[in-house]
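# Notes for the structure review
Chain by chain, the residues:
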Amino acid sequence: MITITPPLDSEMVKNLKAGDEALISGTVYTARDEAHKRFFEAIMSGYSLPIDIRGQIIYYAGPTPPKPDKEVGSIGPTTSGRMDFYTPLLLKHGLNGMIGKGLRSPEVKKAMMNETAVYFSAIGGVAALLAKHVVKSKVVAYEDLGPEAVFELSVEEFPVFVAVDCYGGDIYEEGKKCYKR
Amino acid sequence: MRQISSKKITQVVADLCKKANFILPFFVKSALEEAYRNEESERGREVIHKIIENAGVALSEDVPMCQDCGITTVFAEIGQEISVIDGDLKEAINQGVRQGYKEGYLRKSIVEEPVFNRKNTSDNTPAIIYFDIVPGNSLKIVVVPKGGGSENTSALKMLNPSDGIEGIKKFVMETVEKAGPNACPPMIIGVGIGGSFDSVGILAKKALLEEVYNIQKDDNILGLEKELLKDINRLGIGPAGLGGRITALKVNINTFPTHIGCLPVAVSVSCHALRYAWEVL
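Since we're looking at a predicted model, the values are computed, not measured.

### A word on the overall build of chain A
From N to C terminus, chain A includes 6 helices and 7 strands. Listing every helix and strand of chain A by position from the N terminus yields β-α-β-α-β-α-β-α-β-α-β-β-α. A globule of 181 residues ought to have a C-alpha radius of gyration of about 16 Å, and chain A, at 15 Å, matches this closely. Judged by the C-alpha coordinates and their principal axes, chain A covers about 45 × 40 × 30 Å.

Below is the structure:
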């Protein structure tokens with residue numbers, strides 16, 4: 001089992017291959033549709049982003065509100081493909097890793113190869129279980145977006161698969177090929 | 001005429017919203033257990049194991065099994081001998097959604113306008129509500145929260161009658177293959193066939209709720225369901241899309257008479273967390 005502690009650097013990313021299982025411990029940031037749109041617009045307008053994304057991992061997720069006795073609500077990955085349009089620009093600005101579920105576009109895969117980035121997949125729909133790996137959570141940007149705000153999460157042994165590596169390897173394509181009849 | 005108070009309806013809807021998000025229906029859990037036994041991929045088995053474990057955590061801790069607590073569809077079958085008193089029935093249902101999503105710490109995922117102002121309504125309303133008038137003096141309320149990820153992969157097509165069974169199969173297979181890992185497999189596939197453009201989508205969604213509606217099927221339809229499930233489970237997509245044998249747990253078909261020139265088909269794709277809860281008042 002591979003252990004990952006962000007921030008990531010190119011050497012760490014180069015060691016990851018599609019299909020590897022990994023545990024992430026440390027800080028990751030959530031951002032989904034609307035936050036990506038705002039990131040994109042900020043960069044295009046020459047403004048700085050509310051968080052420093054260099055070397056960081058963005059988790060495509062919007063949690064449920066936490067119950068009073070809990071630090072975080074249920075928090076599983078959302079469909080990554082919806083962020084594809086915005087992703088190459090974020091990778092160009094230093095983002096190194098993403099956690100989500102589902103397929104990425106050829107453009108994103110190409111940008112990941114150029115920028116040496118990795119895309120992890122968490123299992124979709126096991127949000128109550130994944131919440132047990134999040135020990136701290138706070139909103140750091142776009143609070144008005146509610147569940148779509150940017151949360152800084154402190155995670156412990158958060159379980160993921162390397163879904164797309166920086167060589168273009170893709171677990172979804174390879175897995176399907178193995179079992180197609 | 002039997003009277004039902006709108007306050008009672010609000011309370012029932014609120015409870016059903018929570019129940020649906022916390023408790024995976026028994027039939028889905030059994031299907032997952034069977035899938036665990038039949039899956040050949042070790043990774044696929046690990047995924048199914050985690051899905052079952054997740055349902056256990058949601059149940060025991062009263063927390064939503066998925067962070068996407070869905071757009072809330074409510075089917076209300078109103079007995080014609082009922083009168084709803086103390087307020088507006090539609091508002092009573094929306095108030096129930098509001099209350100349930102607040103009390104249950106469920107995620108609010110509805111934006112007030114789809115194109116120009118995607119601002120969260122912060123209470124998961126408005127719900128998508130369908131009313132049906134039926135004989136009798138009871139009120140049946142079915143709450144179906146459905147996540148956006150799988151909803152986005154659903155599709156509808158107006159086929160020609162000459163496209164026949166092969167056309168239907170082709171469209172279902174294309175839709176499921178395209179949904180792939182994005183729809184959180186193993187999926188449950190609801191297929192609506194017949195009716196009209198607007199009604200076939202509802203047929204498909206209701207097909208997912210086979211347990212609630214006791215849908216009548218002849219041998220042809222049962223055979224088609226089996227065949228589609230077999231073909232889908234040869235695609236190789238597998239649990240979480242990571243490769244494997246079990247891409248779908250079940251295919252349910254729901255048909256309705258249609259026009260002489262039409263063959264509408266809708267495919268409602270559900271993730272493995274098919275959530276619903278119902279009560280008869």
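### Quick look at a nonpolar patch on the surface
Side chains of Leu156(B), Met158(B) and Phe197(B) sit close together on the surface and give an oily, nonpolar patch of about 300 Å² of accessible area. Following the sequence through the fold, Leu156(B) ends up in strand E6 (residues 155–159).

### Re the environment of Ala14(B)
All names here are of chain B. As for its placement among the helices and strands, Ala14 is situated in helix H1 (residues 6–22). C-alpha separation for the pair Ala14 and Asn94, spaced 80 residues apart in sequence, amounts to 9.2 Å. Those residues in contact with Ala14 that lie beyond four places of it in its chain are Gly96, Gln99, Gly100 and Glu103.

### Overview of the pattern of salt bridges
Throughout the structure, instances matching the rule amount to 29 salt bridges over all chains. Taking the shortest distance from any N to any O, the salt bridge between Arg107(B) and Asp68(B) comes out at 3.7 Å. Of this pair, Arg107(B) sits in the loop between helix H4 (89–103) and strand E4 (128–134) while Asp68(B) sits in the loop between helix H3 (42–61) and strand E2 (71–79), and the two are 39 residues apart along the sequence. By the burial criterion, Arg107(B) is buried, and Asp68(B) matches it. Connected through shared salt-bridge partners, Arg32(A), Asp33(A), Arg82(A) and Glu148(A) make up one network.

### A word on the domain arrangement of chain B
All names here are of chain B. Entries for chain B in the domain assignment read domain 1 (2–24 + 65–146) and domain 2 (148–273). Just the C-alpha atoms count here: the centres of domain 1 and domain 2 sit 25 Å apart. Taken residue by residue, the interface counts 11 residues in domain 1 and 17 residues in domain 2. For the pair domain 1 and domain 2, the summed buried surface comes to about 1100 Å²; carbon and sulfur atoms form 64% of the total.

### Concerning the packing of H1(B) against H4(B)
All names here are of chain B. Between H1 and H4, the shortest axis-to-axis distance is 7 Å and the interhelical angle comes to 40 degrees. Looking at the two axes, H1 sits oblique to H4. The crossing of H1 and H4 is right-handed. Across from Ser6, Ile9, Thr10, Gln11, Val13, Ala14, Cys17, Lys18 and Asn21 in H1, the residues of H4 making contact are Leu89, Ala92, Ile93, Gln95, Gly96, Val97, Gln99, Gly100, Tyr101 and Glu103. Looking at the contact of H1 with H4 residue by residue, the class counts come to 9 nonpolar, 8 polar and 2 charged.

### Section: H4(B)
Residue and element names in this part refer to chain B. In this model, H4 (15 residues) spans 21 Å end to end at C-alpha, consistent with the 21 Å of a helix rising 1.5 Å per residue. The complete set of buried residues in H4 reads Leu89, Ala92, Ile93, Asn94, Gly96, Val97, Gln99, Gly100 and Tyr101. The inward-facing, buried residues of H4 contact H1, E2, strand E3 (82–85), E4 and strand E5 (139–146). At the N-terminal end of H4, a side-chain oxygen is found 2.9 Å from the backbone nitrogen of Lys90, two or three residues along, and the residue is Asp88.

### Details of the interface of chain A and chain B
Listed by partner, the interface residues are 39 residues for chain A and 41 residues for chain B. Both faces considered, chain A and chain B share a buried interface measuring about 3600 Å² in area, 57% of it formed by carbon and sulfur atoms. Considering only the surface of chain A that becomes buried against chain B, Leu129(A), Tyr179(A) and Arg181(A) emerge as the three largest contributors, covering 18% of it. Summed over the shared surface of chain A and chain B, the result is 5 salt bridges. The partner of Lys180(A) in a salt bridge is Glu177(B), with the nearest N and O atoms 3.7 Å apart. Taken together, the links from chain A to chain B amount to 21 residue pairs in polar contact (both at pLDDT 80 or more). Broken down by secondary-structure element, the contributors of at least two residues to the side of chain A that touches chain B are helix H5 (127–130), strand E7 (150–164) and helix H6 (171–179) of chain A. If you tally residues by element for the side of chain A that touches chain B, the top one is H6(A), at 5 residues. A breakdown of the residues in the side of chain A that touches chain B according to their chemical character gives 18 nonpolar, 11 polar and 10 charged.

### Details of the sheet that holds strand E8 (residues 248–258) of chain B
Residue and element names in this part refer to chain B. Spatially, E6-E9-E7-E8 is the arrangement adopted by the 4 strands of the open sheet, whose pairing is mixed. The strands lining the two open edges of the sheet, one partner per strand, are E6 and E8. When strand polarity is set aside, the average angle formed by the axes of neighbouring strands in this sheet is 15 degrees. As defined by bridge partners, E6 adjoins strand E9 (residues 263–270) across 5 bridges and the pair is classed as antiparallel.

### With respect to the packing of helix H2 (residues 26–38) of chain B against H3(B)
Residue and element names in this part refer to chain B. Across the interface, H2 lies against H3 with an axial gap of 9 Å and an inter-helix angle of 155 degrees. If you check the angle between H2 and H3, you find them roughly antiparallel. Helix-helix and strand crossings are classified by hand; for H2 and H3 the assignment is left-handed. Along its contact with H2, which presents Lys29, Leu32, Glu33, Ala35, Tyr36 and Arg37, the element H3 presents Arg45, Ile48, His49, Ile51 and Ile52. Residue composition of the contact of H2 with H3, grouped by class: 6 nonpolar, 1 polar and 4 charged.

### Looking at the sheet that holds E4(B)
Residues and elements named next belong to chain B. Taken together, the 4 strands give an open sheet; going across it, the order is E4-E2-E5-E10, and neighbouring strands pair in mixed fashion. Bordering the open sheet on either side are E4 and strand E10 (277–280), each of which pairs with just one other strand. Adjacent strand axes in the sheet meet at a mean angle of 10 degrees, parallel and antiparallel pairs treated alike. Inspection of the sheet shows E2 paired to E4 by 7 bridges, in the parallel sense. Within E4, the residue paired with Gly79 across the bridge is Val134. Here H1 sits on the sheet and contacts E2, E5 and E10; the angle it forms with E5, its principal contact strand, is near 40 degrees.

Thresholds, definitions, all that
Residues numbered from 1 in each chain as written. Chains lettered and ligands numbered in written order. Predicted model: local features only at pLDDT ≥ 70, side-chain atom pairs only at ≥ 80, totals over all residues. Heavy atoms only, no water. Helix = DSSP H or I, 4+ residues; strand = E, 2+ residues; numbered from the N terminus. Rg over C-alpha atoms; globule rule 2.2 N^0.38 Å. Patch = residues over 30% accessible without salt bridge, like charges linked within 9 Å, V, L, I, M, F, W, Y side chains within 5 Å. Areas by Shrake-Rupley, 256 points an atom, 1.4 Å probe, with all protein chains shown as cover. Salt bridge = Lys/Arg side-chain N within 4 Å of Asp/Glu carboxyl O. Contact = heavy atoms within 4.5 Å. Buried < 20%, exposed > 50% of the residue type's maximum accessible area, 1.4 Å probe, protein only. Domains from an automatic or database assignment. Buried area = accessible area lost by both parts, 1.4 Å probe. Axes fitted to C-alpha atoms, helices over the stretch in contact; angles between N-to-C directions. Parallel < 35°, antiparallel > 145°, perpendicular 65-115°, else oblique. Left-handed = near helix turned anticlockwise from the far one by under 90°. Nonpolar A, V, L, I, M, F, W, Y, C, P; charged D, E, K, R; others polar. Expected span 1.5 Å × (residues − 1). Polar contact = N/O pair within 3.5 Å; in protein donor to acceptor, adjacent residues only side chain to side chain. Pairing = 2+ DSSP bridges.

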